[in-house]
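If you want the building blocks of each chain, they are given just below.
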Amino acid sequence: MLFAVRRAPGVLASAVLFVLGLGALPVRAAVPEQSFPAQQAPPDTGQFLPRWLHLHGSVGYGWLSSPSTIRQRYEAGQDFEFGLEARLRPRLRMRLNAEYQVLPAVGELNYTILALGARGESSTFDTLSFDWRQRGWLGAGRAEVQYRAFKSVWLLAGAGYGYMAAGVRPYHFEDPFGTVDIRFPGSSGWGVLGSTGLRYEFAGFGPVLGAEVRWSTFSRRQDDLQLWSIRIGWQGK
């Protein structure tokens, strides 16, 4: 018993030295994680236009405002526009547009039936009225400059060339020697288109939208027409 007690301090000392020896052993450093270079996103191959060109479009209603003798033949119709835009500066951009304006033509014709009396005097017997509709339209190409005068307000000015189909036949004469179509005010024909207006832009549901009002003049040899239009437009990024 005494021998066991005397050996206990020696065993304890040996255990302490063993633990200290374990602590003195070199500790292996953790294996560092390997870093890989960041991969760049593949280029966008779906863009078919140069980066300095952008698409735009608008839709609305337009009507012929003057002269009054021609205005009464037409009702308001749909107005469509589509084209390309170049943003030259933050406050300046240029557009090349194709425009199509629907002009519903309304016609009215009255026939008066006369009856002859016993003495050869004429008296009204009856009156017949006919109404019909034709499809008139105005198609044009226009170059336009837009300048941002305020935070969201743009001033518009442009010029172009177009054709108006009146929806009614011109005066037509034909004989053995030739054929003549006489142009009259309101008839079909080519002309120069000029326009000016205002555009207010706002961000809604993602894309930039614009509400615009535009006044246009269509000058031809037979007449000068004035038109108004109200549109909602979409502008590409």
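**Student:** How do you make sense of the overall build of the protein chain when you look at a structure like this?
**Tutor:** A tally of helices and strands in the protein chain yields two helices and ten strands. Going from N to C terminus, the protein chain has its helices and strands arranged as α-β-α-β-β-β-β-β-β-β-β-β. Of all 237 residues assigned to the protein chain, the portion counted as buried reaches 30%. In the protein chain, of all internal contacts separated by at least 6 residues, the share reaching a separation of at least 24 is 60%.

**Student:** Please clarify how the environment of Leu155 should be interpreted in this entry.
**Tutor:** Along the chain, Leu155 turns up in strand 5 (residues 153-165). On the basis of relative accessibility, which here comes to 39%, the residue Leu155 falls in the partly exposed class. Between the C-alpha atoms of Leu155 and Leu198, which are 43 residues apart in sequence, the distance is 5.0 Å. Once you skip the residues sitting within four places of it in the chain, Leu155 turns out to touch Val145, Gln146, Tyr147, Ala149, Gly197 and Leu198.

**Student:** Would you take a moment to explain the pattern of salt bridges for this structure?
**Tutor:** Where charged atoms from two side chains of opposite charge approach closely, those side chains can pair. All told, the structure shown has 17 salt bridges when counted by the stated rule. A salt bridge links Arg87 to Glu85; the nearest nitrogen and oxygen atoms lie 2.7 Å apart. You can call Glu85 buried: its relative accessible area is 0%. Salt-bridge contacts for Glu99 lead to Arg231; the nearest nitrogen and oxygen are separated by 2.8 Å. Linking Glu99 in strand 3 (residues 92-116) with Arg231 in strand 10 (residues 224-235), this pair joins segments that are 132 residues apart in sequence. Across the pair, Arg231 and Glu99 agree in class, each one buried.

**Student:** What is the right way to look at the confidence of the model for the protein chain in this model?
**Tutor:** Atomic detail in the predicted coordinates should be set aside for any region of low pLDDT. In the predicted model, the protein chain carries a mean pLDDT of 78, and the fraction of residues at 70 or more is 63%. Of all secondary-structure elements in the protein chain, the lowest mean pLDDT belongs to helix 1 (residues 2-24), at 49, while strand 5 reaches the highest, 96. Note that residues 1-8 has pLDDT below 50 and, in this model, zero contacts with residues that lie over four places away or in other chains. Here residues 40-46 is modelled with pLDDT under 50, and outside its nearest four sequence neighbours on either side it reaches zero contacts, counting other chains as well.

Basis of the calculations
Residues numbered from 1 in each chain as written. Predicted model: local features only at pLDDT ≥ 70, side-chain atom pairs only at ≥ 80, totals over all residues. Heavy atoms only, no water. Helix = DSSP H or I, 4+ residues; strand = E, 2+ residues; numbered from the N terminus. Buried < 20%, exposed > 50% of the residue type's maximum accessible area, 1.4 Å probe, protein only. Contact = heavy atoms within 4.5 Å. Salt bridge = Lys/Arg side-chain N within 4 Å of Asp/Glu carboxyl O. pLDDT = per-residue confidence, 0-100.

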